Amino acid sequence: MEKVLVLSLICISLCQGWVVQSLEYDHTASIECLRDPMKPLYNGGIIQNGEFNSGLMGWSTHRDIKAGLSSSPSGNKFAVVQRADSLSGAAVPSRSVYQKIQLQGDTHYSLSAWLQVSAGAAHVKAFVKTPNGERVVAGSVSAQSGCWSMLKGGMTAYSSGPGQIFFESDAPVDIWLDSVSLQPFTFDEWDAHRQQSAAKVRRSTVRVVVRGADGAPMANATVIVELLRAGFPFGNTLTKEILDLPAYEKWFTSRFTVATFENEMKWYSTEWTQNNEDYRVADAMLKLAQKYNIKLKAAMQKRLKSVVTRYAGKVIHWDVVNENLHFNFFETKLGPNASPMIYNQVGALDKNAILFMNEFNTLEQPGDPNPVPSKYVAKMKQIQSYPGNSALKLGVGLESHFSTPNIPYMRSALDTLAQLKLPMWLTEVKFLEQVLREGYAHPSVNGMIMWAAWHAKGCYVMCLTDNSFKNLPVGTLVDKLIAEWKTHKTAATTGADGALELDLPHGDYNLTVSHPSLGTNATVRAMTVDAASLASEHLINIKV
């Protein structure tokens, strides 16, 4: 019987359909540069001859561009395109071979390819040309000579018709291409997988056993289930106005479990004039956050000893050097190892907090050459390799400044960054429901903070509430998500064996047990549900 049950469970996970098998989060993609590329994901999807084992069949070249086939010492075949120089002397982009494709409307496409360039390193973009002629950037990578780099990305087609896929660089290089894949997923398939993933990584089933004073199972006992604190950290930006407005305090603390001070810990807020530090506002805000057990993610940004020493042990995260891939303020002043050195010093001052590298456009803009996932990974490895930094608690901070989100690209970027095996947070989300849902469902995202601070004179980008702290439509949608993520059975009755099973979102709970034999004497027990609850067959005995 046990073997039959096991086989049935395997069939459920594998036979439930193409969605589950094809849309699992990809943790096989390499963040290293390899001698030979891996096999294409999804067996190439809709791409013909993605491994070029049949020469250039299915592929075409732009006019006046010379393309051919080459192979590695191991026998792996790949496409080689020689750069075409403009007869007029004007700069022209380097291009790869291209393939004509048929796009389906209302469909997400996951893209992957392996790229190499003839010399040095070059930023190579993947383009999908849509039926209306638009060139959509579906991903990019810093490709190198001498080894293969994987580009992961994606795009969404909103109309059906003919399209193209190709790769391009502004650098004067030849582009080598192999193991190309483009896999379609309907919106329903994508959403179904996201829901399955959220249920898997954010919830667990626990078994509760109620026993009487004599140790015997207590049948027909009523168990009231109260969620005290959600396990997945979801927060918002906090401003100093909360100190003077009880309505703001109530609105904020009833929703969010983590907070980032918008400006109150930044250098210019606590040292407006040089050598005159004033932490009164920041101290008061921290005290209020501690009162409600709201964890603080501090935006440190520019300085070390003063602020870190003052708040060490009281915050869970530091944004150590903000937007480090776009800007190089400290490197220009202190040399190429300035950032790793600063992380080293902050780690010495606060050994418990996670030290984040916070960056924008890593998720939002696949065409931005500065913060692409491959460069983010390289910068983080530079920080880790600095003497004394190997044991630092580092984290990946992704600002999530979306306008129109490219959800397939967002997922591919999260997959790539997940291979660093570091805590990963969406740190400055301007509300977009699909972005929050994607982050919540991704198994490697550890928390999310919105950038939706309230101000009496108006909000930056968006407001969740009006000045009377009544929800605006966006705030109502946020509350809907919070309620959805907390949904659980609030009461259940034990069976003849005194047991019951509860499917619960991760978090801290109180279980209140009542039974006719107890009269008015109910018993309350605390319980924490987390990712280990199911794996360890979490069992709670309640003696009443």
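For the structure, check the block above.
From a predicted model like this one, the values you see are computed outputs, not experimental measurements.

Attention now goes to the overall build of the chain. A count of helices and strands for the chain gives 14 helices and 25 strands. Every one of the 544 residues in the chain was classed for burial, and the buried ones make up 53%. Of all intrachain contacts in the chain linking residues separated by at least 6 positions in sequence, the fraction that spans at least 24 positions is 73%. On the chain, roughly 25,000 Å² of surface is accessible, and the fraction owed to carbon and sulfur atoms is 53%.

Our focus in this paragraph is empty space enclosed by the protein. In total, this model carries one cavity of 30 Å³ or more according to the counting rule given. Of the voids in this model, the largest cavity is the one considered here, and its volume is about 30 Å³. Looking at the largest cavity, the residues that line it are Asn-236, Tyr-248, Trp-251, Ala-452, Trp-454, Leu-464 and Thr-465. The residue inventory of the lining of the largest cavity, partitioned by class, reads five nonpolar, two polar and no charged.

Per the stated rule, a full pass over the model turns up two disulfides. Note on cysteine connectivity: Cys-33 is disulfide-linked to Cys-147, with sulfurs 1.8 Å apart. The chirality of the disulfide connecting Cys-33 with Cys-147 is right-handed, given an S-S dihedral of about 95°. Pair noted here: Cys-33 is in the loop between α2 (18–22) and β1 (66–71) and Cys-147 is in the loop between β7 (135–144) and β8 (149–157), with a separation of 114 residues, a long-range link. Judged by relative accessible area, which is 27%, Cys-33 ranks as partly exposed. On the accessibility criterion, Cys-147 (13% relative accessible area) is buried.

Attention now goes to the sheet that holds β8. Strands sit in the order β1-β2-β10-β5-β8 across an open sheet of five strands; the sheet is antiparallel. Strands with a single pairing partner mark the edges of an open sheet, and in this sheet they are β1 and β8. Taking the axes of each pair of neighbouring strands and ignoring which way they run, one obtains an average angle of 35° across the sheet. With six bridges connecting them, β1 and strand β2 (residues 77–82) associate as antiparallel partners. Directly across from Ser-70, in β2, lies its bridge partner Phe-78. Running at roughly 85° to strand β10 (residues 175–186), helix α3 (residues 187–202) makes contact with β5 (107–117), β8 and β10 of the sheet. On the sheet, helix α11 (residues 407–418) packs against β5 and β8 and is oriented at approximately 155° with respect to β8.

All chains considered together, the criterion is met by 16 salt bridges. A salt bridge links Arg-95 to Glu-168, with the shortest nitrogen-to-oxygen separation between them at 3.0 Å. Here Arg-95, found in strand β3 (residues 94–95), pairs with Glu-168, found in strand β9 (residues 161–169); they are 73 residues apart in sequence, far enough to count as distant. Arg-95 sits in the partly exposed class, given a relative accessible area of 26%. Of the charged contacts, one joins Arg-437 and Glu-484 as a salt bridge, the two residues approaching to 2.7 Å between their closest N and O atoms. Here Arg-437 is found in helix α12 (residues 433–441), whereas its partner Glu-484 is found in helix α13 (residues 473–486), with 47 residues between them in sequence. Taken together, the salt bridges that share partners define one network made up of Asp-191, Arg-194, Arg-411 and Glu-438.

Before going further, it helps to spend a moment on the sheet that holds strand β12 (residues 222–230). Strand order across the open sheet formed by four strands is β21-β12-β23-β24, with antiparallel pairing between neighbours. In the strand order of this sheet, the two ends are held by β21 (491–493) and β24 (523–529), each with one partner. Averaged over all pairs of adjacent strands, the angle between strand axes in this sheet comes to 25°, irrespective of strand direction. Summarising the sheet, strand β23 (residues 507–514) and β24 pair through seven bridges and their orientation is antiparallel. Bridged to Asn-510 within β24 is Ala-526.

Taken as a whole, the largest pocket encloses approximately 530 Å³ of empty space. Contributing to the lining of the largest pocket are 29 residues, with Ala-230, Gly-231, Phe-232, Pro-233 and His-506 lying nearest its centre. Counting only elements with at least two residues in the lining of the largest pocket, the list comes to α3, β12, α13, β23 and β24. The class makeup of the residues in the lining of the largest pocket is 16 nonpolar, six polar and seven charged.

Moving on to the environment of Ala-378. With respect to the helices, strands and loops of the structure, Ala-378 is situated in helix α10 (residues 373–385). Separated by 346 residues in sequence, Ala-378 and Glu-32 have C-alpha atoms that sit 9.5 Å apart.

Another point: the packing of aromatic side chains. A full pass over the atoms with the stated rule returns 20 aromatic pairs. Measuring from centroid to centroid gives 5.0 Å for Phe-232 and Tyr-440, while their planes differ by 80°, and the two rings are edge-to-face. Here Tyr-440 lies in helix α12 and Phe-232 lies in the loop between β12 and β13 (234–238), a separation of 208 residues in the sequence. Per residue, the accessibility class of Phe-232 equals that of Tyr-440, and both read buried. An aromatic cluster is defined as three or more aromatic residues linked by ring pairs; in this entry it consists of Phe-232, Phe-234, Tyr-248, Trp-251, Phe-252, Phe-256, Tyr-440, Trp-454, Phe-469 and Trp-485. Of note, Arg-202 hangs over the ring of Tyr-440, and the distance from its end group to the ring centre comes to 5.5 Å. Positioned above the aromatic ring of Phe-356, the side-chain terminus of Lys-297 is 5.4 Å from the ring centre.

Definitions and cut-offs
Residues numbered from 1 in each chain as written. Predicted model: local features only at pLDDT ≥ 70, side-chain atom pairs only at ≥ 80, totals over all residues. Heavy atoms only, no water. Helix = DSSP H or I, 4+ residues; strand = E, 2+ residues; numbered from the N terminus. Buried < 20%, exposed > 50% of the residue type's maximum accessible area, 1.4 Å probe, protein only. Contact = heavy atoms within 4.5 Å. Areas by Shrake-Rupley, 256 points an atom, 1.4 Å probe, with all protein chains shown as cover. 1 Å grid on protein atoms, 1.4 Å probe; cavity = no way out; pocket = protein on both sides within 12 Å on 5 of 7 lines; lining within 4 Å. Points joined across faces, edges and corners; volume = space filled by probe spheres on them. Nonpolar A, V, L, I, M, F, W, Y, C, P; charged D, E, K, R; others polar. Disulfide = S-S within 2.5 Å. Pairing = 2+ DSSP bridges. Axes fitted to C-alpha atoms, helices over the stretch in contact; angles between N-to-C directions. Salt bridge = Lys/Arg side-chain N within 4 Å of Asp/Glu carboxyl O. Phe/Tyr/Trp six-rings, centres within 6.5 Å; stacked < 30°, edge-to-face > 60°. Lys NZ or Arg CZ within 6 Å of the ring centre and 35° of its normal.

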